[in-house]
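The primary structure of each chain is shown beneath.
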Amino acid sequence: MRFGPRQAWIVVAGIWCLLAARFYRAFVSEDAWGMSDDVYISACAARSLIEGYGPVWFPDAPRVEGFSNPLWVGVLALLHWLPGFSDDRLGGLVLAVNLGLFVALAGACARLLAGLSFGRWWILAVFSLGGAALPYFAAEGFEVVLIALLGVLALDAARREQPMHFALWVGLGFWTRMDFLIMAALPGAWLGARLRGDPRVPRALLVGASLAALLFAARWSFFGEWLPNTVYLKTVGWPIVDRVARGLVQNAWAWPSALLLLGMVGLAARRERAVGAGAQQGFALGCVAVFVVGLSYSTYLGGDFMPRRAGWDRFTAPYLPLLLVGLSASLGALRTTPTRRAAAVGLTLLVLLAPAVATDADRKVLDRRLVNFEIGAEPQKWSRGWRSFGRAYGDVSLPGARMAVCSAGSVVYFSHRGGVDLLGKLDPVVARLPVTGRPDEARCWRDWPGHNKEAIEISFELYRPDFSAVPPPRAFRDQYRPVRYGGHEFWARRGSEYVVWDLL
């Protein structure tokens, strides 16, 4: 049977789905089909939304947008509406959604390549192995596959010169995460240049601008802010020079690989233009350039709070399909012998995989024991512990209780109680503090973006939490006493009416 586009996208979808499913096994425990703690913050907002409180952290929480993915919150809200839904099934349902999105993404990549003079579909299947970071973060429950799919669809609409479709995909991408505009910038500029004077362009701009304006209006009307609180957390009070330096450290192994791939495709484009066949190479170069822009954005933000996984971090992972499409289009169009083409594909794959084996953290993701889950990586173990901790907190508290936490997702979600976010993702006061280094009384502080603004005394002074997952600051220590329940240790505020003292 001849291997063609139909078989290629099925193979690509199968590889990504298989990797995601195997990575996901680390999040399954006896008590839940779980996911990353950070995604549970979005899940808390989704649950509050369908309960009629709006997209807030918990029912009586201040109106703070502690998420940056409104469309994904909407998807999570729909999952909460499913018959038979329970908290401990959410992670499995999110995985199912992401697996479906992987199938659509693979089909979109094949469609994007189908309009080109590209007949060597096996190359895309080979390169899909280099995109393992995307299934990894999908297994954690993030919106990365949705962003990647909308990005590929937007690029395809630009290539087909369909401005209205492009505007719709970009609008949905903007609702998924505002930095989607970075992914769409180069294709949008190319489309605008191609269709200069076309009457369809103003109409498309109006549609795209309306979708963006709708998001801003909704955000302002409910939260009273134009931007998510996470934007202030990661940018305010952190000089750009220091932020970029931190991002360069995290992406130290990713940058050489990305620049080398960009250079390789650039040389191929130059070579093909010399023989009058550079159109497809120009398209390929544009795809890889968009990926490099995505890596630049990650670096600008200081990198992700999560380390790189399989070579790339969570901000860069959604750009991987564009990189793989670009590499496939470039090598597929080269005028060379089959042997040389195969050698070029092999060399390119090695460059693509280099960041995945450059550090211990990345190698652990691809380690045979981890893939088979004879062992578990620390973040997954933490996630399981936080779910159990949240249930214990729910048992010993009454509705209205608040606990000071470092991990703001699982504990609040599984307890159905309130929280005080010591790291500031859900606290506008802490989010706007300057980054000054490790505080004297550090409990949660880490040298990671979004985790480097702890001010525990301010948090306790403002909110007087009923419980604390960490030792209270010295100024408040005498107001709390250590307690133990269900194998978990925490602190309870003396005299709080929200503590079920009989169980402690």
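If you're wondering where the values come from, they're calculated on a predicted model, not measured in any experiment.

*Asks:* Explain the overall build of the protein here, please?
*Replies:* In terms of helices and strands, the protein carries 22 helices and five strands. The C-alpha atoms of the protein give a radius of gyration of 24 Å, which matches the 23 Å a tight globule of 504 residues would have. Taken along the three principal axes of its C-alpha coordinates, the protein extends 80 × 55 × 50 Å. Taking all 504 residues of the protein together, 55% fall into the buried category. Residue pairs at least 24 apart in sequence account for 71% of intrachain contacts in the protein once pairs closer than 6 positions are excluded. Carbon together with sulfur atoms contributes 62% to the accessible area of the protein, which is approximately 20,600 Å² in total. Taken together, the 52 basic and 39 acidic charged side chains of the protein have centroids lying 11 Å from each other.

*Asks:* Can you help me understand the packing of aromatic side chains in this one?
*Replies:* Each aromatic ring pair is described using two quantities: the centre-to-centre distance and the angle formed by the ring planes. This model, assessed by the stated rule, comprises 19 aromatic pairs. Here the aromatic rings of Y393 and F467 are separated by 5.3 Å at their centres, their planes lie at 65°, and the arrangement is edge-to-face. Here the residue Y393 occupies a position in helix α19 (residues 378–395), and F467 occupies one in strand β3 (residues 467–468), the gap between them amounting to 74 residues. Just above the ring of F222 sits the side chain of R63; from NZ or CZ to the centre is 4.0 Å.

*Asks:* Before we go on, may I ask you to explain the pattern of salt bridges in this structure?
*Replies:* Note that side chains of opposite charge can pair when their charged atoms are close. Under the definition given, this model contains 18 salt bridges. For the salt bridge of R314 with D304, the shortest nitrogen-to-oxygen distance reads 3.0 Å. On the criterion of sequence distance, the pair formed by R314 in the loop between α14 (279–300) and α15 (320–333) and D304 in the loop between α14 and α15 is long-range, its members being ten residues apart. You'll find R314 and D304 in the same group, each marked buried. Across the pair E489 and R484 runs a salt bridge whose closest N-O atoms are separated by 2.6 Å. Through salt bridges with shared partners, one network takes in R111, D156, R159 and R160.

*Asks:* How should I be thinking about the state of the cysteines in this particular structure?
*Replies:* Chemically, a disulfide is nothing more than a covalent bond linking the sulfur atoms of two cysteines. A complete count under the given rule lists one disulfide for this structure. There is a disulfide in this structure between C406 and C444, and the S-S distance comes to 1.9 Å. Taking the sign of the S-S torsion, -65° for the link of C406 and C444, the bridge is left-handed. Remark: C444 occurs in the loop between α21 (428–431) and α22 (456–463) and C406 occurs in the loop between β1 (402–405) and α20 (410–415); sequence separation between them is 38 residues.

Calculation notes
Residues numbered from 1 in each chain as written. Predicted model: local features only at pLDDT ≥ 70, side-chain atom pairs only at ≥ 80, totals over all residues. Heavy atoms only, no water. Helix = DSSP H or I, 4+ residues; strand = E, 2+ residues; numbered from the N terminus. Rg over C-alpha atoms; globule rule 2.2 N^0.38 Å. Buried < 20%, exposed > 50% of the residue type's maximum accessible area, 1.4 Å probe, protein only. Contact = heavy atoms within 4.5 Å. Areas by Shrake-Rupley, 256 points an atom, 1.4 Å probe, with all protein chains shown as cover. Lys, Arg positive; Asp, Glu negative; His and termini not counted. Charge placed at Lys NZ, Arg CZ, Asp CG, Glu CD. Phe/Tyr/Trp six-rings, centres within 6.5 Å; stacked < 30°, edge-to-face > 60°. Lys NZ or Arg CZ within 6 Å of the ring centre and 35° of its normal. Salt bridge = Lys/Arg side-chain N within 4 Å of Asp/Glu carboxyl O. Disulfide = S-S within 2.5 Å.

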